[in-house]
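The chain contents come next:
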Amino acid sequence: MIEFIAERRSVIFTYQSEFRANGWIWQELKKSSGARVSQVFRFQKQDLLEEPGDGDQDHFDSFVFRFRLATPEPHYHRIAGRKLRIDRDVLIAKEGIEWTRKLFAAERNVSIFRRIDKIVTPGQEIAIGGPRPDAIPIPVFLEMIKKFPNSTELDLFPVSTNGTDLRL
């Protein structure tokens, strides 16, 4: 289960597997450059707020992993692009948007921000809402999320008209 906790000093991403043991996250964090969670997020050990310690396998499997997803700035929460597997940071307005998984992933774990990343000017941050003149207004962003392909469309049309695989 994924939850987001928006606090004054950060936005916390919590994860505990509903279907299988989640000790794999700790193993990935210890041995590699990071762990990919829910196909959309990638965290490094330094993002972890508390390590699970040296318990038995049952301890790892019931441990709730808490990662710092975003840090505060005036008017926005900043997410480092590496955490979303993109090359640019994402700014999400502090007001007017609910932090849910649907903000980041469409059907079949299609990454919302990886899609946006492909069309934004290189070097430009992605801003959602807030006072920046280059920000995507929240109503426009929410409408855009609704228009991402659903499972049936992905089955029938897995490739867009420009040849891009929609399932990335």
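Here the structure is a predicted model, which is why all the values come from computation and not from measurement.

Rules and cut-offs
- Along every chain, residues carry numbers that run from 1 in the direction the sequence is written.
- Restriction of local features to residues with pLDDT of at least 70 applies here, the model being predicted, together with a cutoff of 80 or more for giving and counting side-chain atom pairs; totals for whole chains, interfaces and linings are based on all residues.
- Computation of side-chain values covers all heavy atoms of the structure but excludes hydrogens and water.
- A cavity here means a set of points on a 1 Å grid, drawn over the protein atoms and nothing else, where a 1.4 Å probe fits but cannot get out; a pocket is an open set with protein on both sides within 12 Å along at least five of seven lines, and a residue lines either one if it has an atom within 4 Å of a point.
- Grid points are joined across faces, edges and corners, and a volume is the space filled by probe spheres set on the points.
- Side-chain classes are defined by residue name, with Ala, Val, Leu, Ile, Met, Phe, Trp, Tyr, Cys and Pro counting as nonpolar, Asp, Glu, Lys and Arg as charged, and the others, Gly among them, as polar.
- The way it works is that DSSP assigns letters per residue, a run of H or I at least four long becomes a helix, a run of E at least two long becomes a strand, and they are numbered from the N terminus.
- Here's how the labels work: a residue is buried when its accessible area is under 20% of the maximum for its type, exposed when over 50%, partly exposed in between, all with a 1.4 Å probe on protein chains only.
- The contact definition used throughout considers only heavy atoms, calling two residues in contact when any of these lie within 4.5 Å.
- Residues enter a nonpolar core if they are buried and are Ala, Val, Leu, Ile, Met, Phe, Trp, Tyr or Cys, with the set joined through side-chain atoms within 4.5 Å.
- A pair of Phe, Tyr and Trp rings is counted when the ring centres sit within 6.5 Å of each other, with Trp represented by its six-membered ring. The angle between the planes then sorts it: under 30 degrees is stacked, over 60 is edge-to-face, the rest tilted.
- Here a strand pair is declared whenever DSSP counts at least two bridges between the two strands.
- An axis is simply a line fitted to the C-alpha atoms; with a helix, the fit covers only the stretch in contact. Between two such axes, the angle follows the N-to-C directions and lies from 0 to 180 degrees.
- Think of a salt bridge as a Lys or Arg side-chain nitrogen and an Asp or Glu carboxyl oxygen that are within 4 Å of each other.

K.L.:
Can you explain the layout of surface pockets? Please cite residues and give values.
P.N.:
Any space left empty among the atoms is revealed by the rolling of a water-sized probe across them. In this model, the largest pocket occupies a volume close to 330 Å³. Taken together, 14 residues line the largest pocket, and the ones lying closest to its centre are Lys102, Leu103, Ala105, Ile145 and Lys146. For the lining of the largest pocket, a count of residues per class yields 8 nonpolar, 1 polar and 5 charged.

K.L.:
An account of unusual backbone geometry is needed here, citing residue identities and associated values.
P.N.:
A positive phi angle, close to 60°, is found at Ser38, a residue other than glycine. With respect to the secondary-structure elements, Ser38 resides in the loop between β3 (35-37) and β4 (41-43). Notably, Gln39 is not glycine yet its phi reads approximately 65°, a positive angle. For Gln39, the location among the structural elements is in the loop between β3 and β4.

K.L.:
How would you sum up the side chain of His77? Please name residues and give values.
P.N.:
Within the secondary structure, His77 sits in strand β6 (residues 76-79). Among the residues examined, His77 registers a relative accessible area of 5% and is labelled buried. Residues within four places of His77 in sequence aside, it is in contact with Glu7, Val11, Ala70, Thr71, Pro72, Val90, Leu91, Ile92, Ala93, Lys94 and Trp99.

K.L.:
Report on the nonpolar core, specifying residues and quantitative values.
P.N.:
The biggest cluster of nonpolar side chains holds 45 residues, and the ones touching the most others in it are Leu69, Ile92, Trp99, Phe104 and Phe113. Contacts of Phe113, omitting those with residues within four sequence positions, involve Leu84, Ile86, Val90, Ile92, Leu103, Phe104, Ile126, Ile128 and Phe141.

K.L.:
Explain the packing of aromatic side chains residue by residue, including any values.
P.N.:
Throughout the structure, instances matching the rule amount to 16 aromatic pairs. An angle of 75° between the planes, with centres 6.5 Å apart, marks the rings of Tyr15 and Trp24 as edge-to-face. Members of the aromatic cluster, each reached through a chain of ring pairs, are Phe4, Phe13, Phe41, Phe43, Phe63, Phe65, Phe67, Trp99, Phe104, Phe113 and Phe141.

K.L.:
Could you give an account of the sheet that holds strand β5 (residues 65-73), naming the residues involved and the relevant values?
P.N.:
Pairing within the open sheet is mixed, and its 6 strands lie in the order β1-β2-β5-β6-β7-β8. Strand pairing shows two members of the sheet lacking a second neighbour, β1 (2-6) and β8 (126-128), which therefore form its edges. Strand-to-strand, the axes of this sheet are offset by a mean angle of 25°, without reference to chain direction. Relative to strand β2 (residues 11-15), β1 runs antiparallel, the two sharing 5 bridges. Paired with Ala6 across the two strands is Val11, which belongs to β2. Packed onto the sheet, helix α1 (residues 23-31) meets β2 and β5 and runs at close to 65° relative to β5.

K.L.:
An account of the pattern of salt bridges is needed here, citing residue identities and associated values.
P.N.:
The final tally for this structure, using the stated rule, is 11 salt bridges. Taking the shortest distance from any N to any O, the salt bridge between Glu28 and Lys31 comes out at 3.7 Å. Within this pair, Glu28 and its partner Lys31 are both found in helix α1, separated by 3 residues, close to a single helical turn. Exposure remark for Lys31: the relative accessible area of 64% places this residue in the exposed category. Between Arg78 and Glu73 there is a salt bridge, and its shortest N-O distance comes to 2.3 Å. Overlapping salt bridges, with partners in common, bring together Glu73, Arg78, Asp89, Glu125, Arg132 and Asp134 in one network.

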